[in-house]
Each structure stands twice: as structure tokens, then as C-alpha cells.
Amino acid sequence: MNDIEKTIDALNKKGFKAVIATDANDAVSYVISVIGHDDTVGMGGSMTLFETGIVDSLLKRGNTIYSGELADRCGQDKNEVRHKAMTADVYLTSTNALTLDGDLINIDGTGNRASAMFYGPNKVIFVAGKNKLTANPHTAVVRIKKVACPQNARRLGLSTPCATENRCTDCDSDQRMCNVTVRIQRPTRGKEMHVVLIDGEFGY
Ligand code: SF4
């Protein structure tokens, strides 16, 4: 088994509904098939969901999406939208990292995205490219701080050390993105958790 197959196997054994998507279109088809036409969708900040075309496909179909990023673009109240996302029918997100034995590792600054993953909507869908795969929780956090945080910080216009110096100093910045680290080992009680692992590189 290759790393993608190993991870999918581990996730399914732990109770996730995990599938391999051969490309972005395959990921879109799967996500659309498990979200109802009338479902509201809460969404965590994610480049993967935009890059794959999943967001566009849901909007075209007429699903309402509660997303901080979309709220910013439309001038909506971000906090209000984040609260609506917590009680939507479905929560759609990527994951900062995914271990070969099927743990989902995420770091969050505000905490809305990380908490919605395990204590928000009853159906949660994670979509990630194979570039998010990592050996274990320790290497996952190393990867997040080295690869994801600097790029996310620059995208968000933050001036944390990871953005300005390209290194993590375990900073005291009030713009710090690493205030909470969540390791999801199995679906939490009552939740249906899907993981779509794409055989391609998406997001960071
Ligand atoms: S602790 Fe600060 S410098 Fe380190 S990755 Fe997080 S935000 Fe960046």
C-alpha cells in the first residue's frame, strides 16, 4: 500500500468515511454527493476548497455557505457568519495535516474552525491534498509551523515572525495563529466525518 492507501485504510478502521479522490473533479463529485441540495454549509478558512472548485460548485448549485472568507468579500459580519457556520447542516474544511495512522491535526488562532470540526455540525467533510500527509502528530505540527503558517499569515496580511522572517519563534504576537492545536483521532460522538484525500497537491 502507498501512503495515501495506508492513510485511507487507517481512517476507515477508526470510523471515518474516507475516500481517495483521483483529482479535483473527483473530489468535487464526492463532496457534492454527500451534501444535500438544501443543506447549509459552514466552512473553515481553506485554500484547498477554493482551488479544487468545491466552493464554486456548491454556490452554483445554490447551497448557502457560511464562511469567514466569503463574508469578508461581501462585507458581512464575520463573527455572525462564524456562529452560523457552527450550526449549519454540514461543516466543510480542509485539515492542516493528516497522519499516516489517521489523525487529523489542526492549529487555529480564533478556534472557530478547529472547534467546528469536532463540536459543530453533525456532518463534517475534510478535503485535503496528499501534500498534507505526514508521519505522526509531531511532524504534523512541524509541517504546519514551517509550511502552512508562513503562507497563511502572508495571505492574511499578518506580521507574525513566520510571515516576515519565514520562521516560527513561538511568538507572543497578538496576531498569533497558533493558539490551539487539535488532534482528532476518531469521529466524535454523533458525528459523521468524511475525509476526501486527493492524489494531488492542494492548499498548504
Ligand atoms: S507561533 Fe507565531 S511565529 Fe510561530 S507559526 Fe504561530 S504565528 Fe507564526
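Please refer to the structure placed before this passage.
What you see is a predicted model; the values in this text were computed from it and never measured.

Asker: Where do I start with the overall build of the protein chain in this structure?
Answerer: On a plain count of helices and strands, the protein chain comes out with 9 helices and 10 strands. Computed over C-alpha atoms, the radius of gyration of the protein chain comes to 16 Å, within 12% of the 17 Å expected from 2.2 N^0.38 for 204 residues, which places it in the range of a compact globule. Taking the principal axes of its C-alpha atoms as reference, the protein chain extends roughly 45 × 40 × 30 Å. The contacts in the protein chain between residues at least 6 apart in sequence include a share of 75% that link residues at least 24 apart. Of the roughly 9700 Å² that the protein chain leaves accessible, carbon and sulfur atoms contribute 47%. Each charge class in the protein chain can be summarised by its mean position, and for the 25 positive and 24 negative side chains these summaries are 3 Å apart.

Asker: Even after reading the chapter, I still don't get the pattern of salt bridges, so can you show me in this structure?
Answerer: Oppositely charged side chains may form a pair once their charged atoms are brought near each other. In the structure shown here, the tally under the stated rule is 11 salt bridges. R183 is the salt-bridge partner of D103, the closest N and O atoms lying 2.7 Å from each other. Residue D103 is found in the loop between strand 5 (97–99) and strand 6 (104–108), and its partner R183 is found in strand 9 (residues 180–184); the two are separated by 80 residues along the sequence. By relative accessible area, which is 44% here, R183 ends up partly exposed. In this structure, R167 and E165 form a salt bridge, with 2.9 Å as the shortest nitrogen-oxygen distance. Taking relative accessible area as the criterion, R167 reaches 49% and is therefore assigned partly exposed. If you follow the salt bridges from partner to partner, you end up with K14, D103 and R183 in one network.

Asker: Would you mind going over the pairing of strand 7 (residues 123–129) with me for this structure?
Answerer: On any regular strand, side chains alternate: one points to one face of the sheet, the next to the other face. Burial runs high along strand 7: 7 of the 7 residues are buried. Residues of strand 7 alternate between two faces, with K123, I125, V127 and G129 on one and V124, F126 and A128 on the opposite face, all of them buried. Pairing of strand 4 (residues 90–93) with strand 7 involves 4 bridges; the strand directions are parallel. Across the sheet, the residue bridging to Y91 is V124, located in strand 7. Judged from the 7 bridges that link them, strand 7 and strand 10 (residues 192–198) form a sheet pairing that is parallel.

Asker: So what exactly am I meant to see when it comes to the nonpolar core here?
Answerer: In summary, soluble globular proteins display a tendency toward joint burial of nonpolar side chains. Core analysis: the biggest nonpolar cluster contains 22 residues, and V31, I54, L92, I125 and V127 have the highest contact counts within it. Taken together, the elements giving at least two residues each to this core come down to helix 2 (24–34), strand 2 (41–43), helix 4 (54–61), strand 4, strand 7 and strand 10. Examining the composition of this core, we find that 5 residues originate from one element, helix 2, more than from any other. Excluding its chain neighbours within four sequence positions, the residues that come into contact with V31 are I54, L92, I125, V127 and V196. By size, the runner-up hydrophobic cluster in this structure holds 20 residues, among which are I4, A114, M117 and F126.

Asker: How do you make sense of the site of the ligand when you look at a structure like this?
Answerer: Every residue near the ligand is listed here: K145, C149, T160, P161, C162, C168, T169, D170, C171, R176, M177 and C178. Sorting the residues of the shell around the ligand by element identifies helix 8 (137–155) and helix 9 (161–164) as the ones contributing at least two each. Across the shell around the ligand, the residue classes tally to 7 nonpolar, 2 polar and 3 charged.

Asker: When you look at the side chain of K191 in this model, what are you seeing that I'm missing?
Answerer: Take K191: it is sitting in the loop between strand 9 and strand 10. In this structure the side chain of K191 is engaged in a polar contact, spanning 2.7 Å, whose partner is the backbone oxygen of G120. Among residues more than four places away in sequence, those in contact with K191 are F118, Y119, G120, P121 and N122.

Asker: Explanation requested: helix 4 in the structure shown.
Answerer: Count 3.6 residues to each turn of an α-helix, and residues three or four apart come out pointing the same way. Listed as buried for helix 4 are I54, V55 and L58. Considered in projection along helix 4, the buried side chains sweep an arc of 100° and stay on one side of the axis. G62, located one to two residues past helix 4, shows a positive phi value of around 100°.

Analysis parameters
Residues numbered from 1 in each chain as written. Predicted model: local features only at pLDDT ≥ 70, side-chain atom pairs only at ≥ 80, totals over all residues. Heavy atoms only, no water. Helix = DSSP H or I, 4+ residues; strand = E, 2+ residues; numbered from the N terminus. Rg over C-alpha atoms; globule rule 2.2 N^0.38 Å. Contact = heavy atoms within 4.5 Å. Areas by Shrake-Rupley, 256 points an atom, 1.4 Å probe, with all protein chains shown as cover. Lys, Arg positive; Asp, Glu negative; His and termini not counted. Charge placed at Lys NZ, Arg CZ, Asp CG, Glu CD. Salt bridge = Lys/Arg side-chain N within 4 Å of Asp/Glu carboxyl O. Buried < 20%, exposed > 50% of the residue type's maximum accessible area, 1.4 Å probe, protein only. Pairing = 2+ DSSP bridges. Core = buried A, V, L, I, M, F, W, Y, C linked by side-chain atoms within 4.5 Å. Near = heavy atom within 4 Å. Nonpolar A, V, L, I, M, F, W, Y, C, P; charged D, E, K, R; others polar. Polar contact = N/O pair within 3.5 Å; in protein donor to acceptor, adjacent residues only side chain to side chain. Arc of directions from axis to C-beta.

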